[in-house]
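Descriptive structure summary
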Amino acid sequence: MLSRRPLIAGNWKMNKTVSETEDFIRTFLANWNRSEKSEVLLLPPFTSLTCAEELLQGKGIALGAQDIHFEEKGAFTGAVSATMVRACGCRYVLVGHSERRALFHDDDRVVSLKLLAALKAGLSPILCIGETLEEHEEVEKKITSQLAADLAGVDQKTAGKVTIAYEPIWAIGTGRTATPDVAQETIAMIRQWVAANYDEATANGVRILYGGSVKPENAASLLAQPDIDGALVGGASLSPEAFAAIVACVD
Ligand code: PGA
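As a starting point, this report considers the structure included with it. (Residues numbered from 1 in each chain as written. Predicted model: local features only at pLDDT ≥ 70, side-chain atom pairs only at ≥ 80, totals over all residues. Heavy atoms only, no water.)

All right, on to the pattern of salt bridges then. In total, this model carries 16 salt bridges according to the counting rule given. Notably, a salt bridge pairs Glu99 with Lys13, separated by 2.8 Å at the nearest N-O pair. Taken together, the residues Glu99 in helix H4 (residues 98-103) and Lys13 in the loop between strand S1 (7-11) and helix H1 (18-31) connect sequence positions 86 residues apart. Connected via shared salt-bridge partners are Arg4, Arg191, Asp227 and Asp229. (Salt bridge = Lys/Arg side-chain N within 4 Å of Asp/Glu carboxyl O. Helix = DSSP H or I, 4+ residues; strand = E, 2+ residues; numbered from the N terminus.)

Structure representation (structure tokens):
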């Protein structure tokens, strides 16, 4: 019997001020049917972490950051470390999101360093991987090369702390979703890679999410797939009602 608890994560990207964060959380809590079946995670911008942490106290919702620098501290103007977000109450952090890779030049070396920095600080990294439309024909090649490079340095003992998010880049923010079958097939392939490179127990335990235009209308069919352990939601997570509706697809 598999015991992977589904994770529904809302990645707000560069959206919401502190007062908009307060409004979101109040409305979400009013719409959310709390259940232990899934784990709910909010990933607000850095500026909203403290306010979100206070409002989420005792509510059973996890908090995470969208990015970190891989260094612990020092002269890195504008950057924020894993220890800092941990001290703000974060349990999770995204690493390797396609927007970070494309717009901020986070290559696999940087992604791997960030992932190790997250683990060192006691955060659970969510490693985002995915292919562009041009790479779609050779999706396995792209995904396995990202996994090998980004997880370099992660040993058997710590691999279980990593969550993987498969996000086809052509589906992010475009309204185009991978069909449940295609997402399932790629995610099953990722799990096989984990089994081959770590072991069966790690592969059976690791949570692998799907991301890319997840909405209340398509979430249930994606989340019903045997290897899809949750969703990384961008656009639809900005609406508390839509995000609560996606969470309800698990419960
Ligand atoms: P989207 O974003 O749901 O708006 O496609 C997903 C993501 O970037 O994580």
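What follows is about the environment of Val18. One can find Val18 in helix H1. Apart from the residues within four sequence positions on either side, Val18 is in contact with Thr47, Ser48 and Cys51. (Contact = heavy atoms within 4.5 Å.)

Here the focus is the environment of Trp32. Structurally, Trp32 is set in the loop between H1 and strand S2 (39-43). Residue classification places Trp32 among the buried positions, given a relative accessible area of 11%. The spatial distance from the C-alpha of Trp32 to the C-alpha of Gly153 is 39 Å, given a sequence separation of 121 residues. Apart from the residues lying within four places of it in its own chain, the contact partners of Trp32 are Val40, Lys59, Gly60, Ile61, Ala244 and Val247. (Buried < 20%, exposed > 50% of the residue type's maximum accessible area, 1.4 Å probe, protein only.)

Before going further, it helps to examine unusual backbone geometry. Located in the positive-phi region is His105, a residue other than glycine, with phi close to 60°. Structurally, His105 can be placed in the loop between H4 and helix H5 (108-120). Positive phi outside glycine occurs at Ser213, with the angle close to 55°.

This part takes up the pairing of strand S5 (residues 124-129). With 5 of 6 residues buried, S5 is to be regarded as a mostly interior element. With 4 bridges connecting them, strand S4 (residues 92-95) and S5 associate as parallel partners. Residue pairing for S5: Tyr92 is matched across the bridge by Ser124. (Pairing = 2+ DSSP bridges.)

Before going further, it helps to spend a moment on the packing of helix H6 (residues 139-150) against helix H8 (residues 180-197). Running from amino to carboxyl end, H6 crosses H8 at an angle of 40°, the nearest separation of the two axes being 11 Å. Of the possible angle classes, the one that applies to H6 and H8 is oblique. Of the two elements, H6 crosses H8, and the hand of that crossing is right-handed. Residues Val139, Glu140, Ile143, Thr144, Leu147 and Ala148 of H6 lie in contact with H8, whose contacting residues are Thr186, Met189, Ile190 and Trp193. By residue class, the composition of the contact of H6 with H8 is 7 nonpolar, 2 polar and 1 charged. (Axes fitted to C-alpha atoms, helices over the stretch in contact; angles between N-to-C directions. Parallel < 35°, antiparallel > 145°, perpendicular 65-115°, else oblique. Left-handed = near helix turned anticlockwise from the far one by under 90°. Nonpolar A, V, L, I, M, F, W, Y, C, P; charged D, E, K, R; others polar.)

Attention now goes to the layout of surface pockets. If you add up the space inside the largest pocket, you get close to 610 Å³. If you trace the largest pocket, you find 25 residues lining it, with Phe46, Gln66, Asp67, Arg100 and Phe104 closest to the centre. Breaking the lining of the largest pocket down by element, the ones donating at least two residues are H4 and H5. Residue contributions to the lining of the largest pocket peak at 3 residues, all from H4. Counted by class, the lining of the largest pocket contains 12 nonpolar, 6 polar and 7 charged residues. (1 Å grid on protein atoms, 1.4 Å probe; cavity = no way out; pocket = protein on both sides within 12 Å on 5 of 7 lines; lining within 4 Å. Points joined across faces, edges and corners; volume = space filled by probe spheres on them.)

A few words on the packing of aromatic side chains. A complete count under the given rule lists 6 aromatic pairs for this structure. Relative to Trp32, the ring of Phe28 lies with its centre 5.7 Å away and its plane at 20°, an arrangement referred to as stacked. No difference in accessibility class separates Phe28 from Trp32, as the two residues are buried. Between Trp193 and Tyr198, the aromatic rings sit 6.4 Å apart at their centres with planes inclined by 65°, giving edge-to-face as the arrangement. Assigned by exposure class, Trp193 and Tyr198 land together as buried. Through a chain of ring-to-ring contacts, three or more aromatic side chains come together here, namely Trp12, Phe24, Phe28, Trp32 and Phe243. Over the ring of Trp12 we find Lys16, and its NZ or CZ is 5.5 Å from the ring centre. (Phe/Tyr/Trp six-rings, centres within 6.5 Å; stacked < 30°, edge-to-face > 60°. Lys NZ or Arg CZ within 6 Å of the ring centre and 35° of its normal.)

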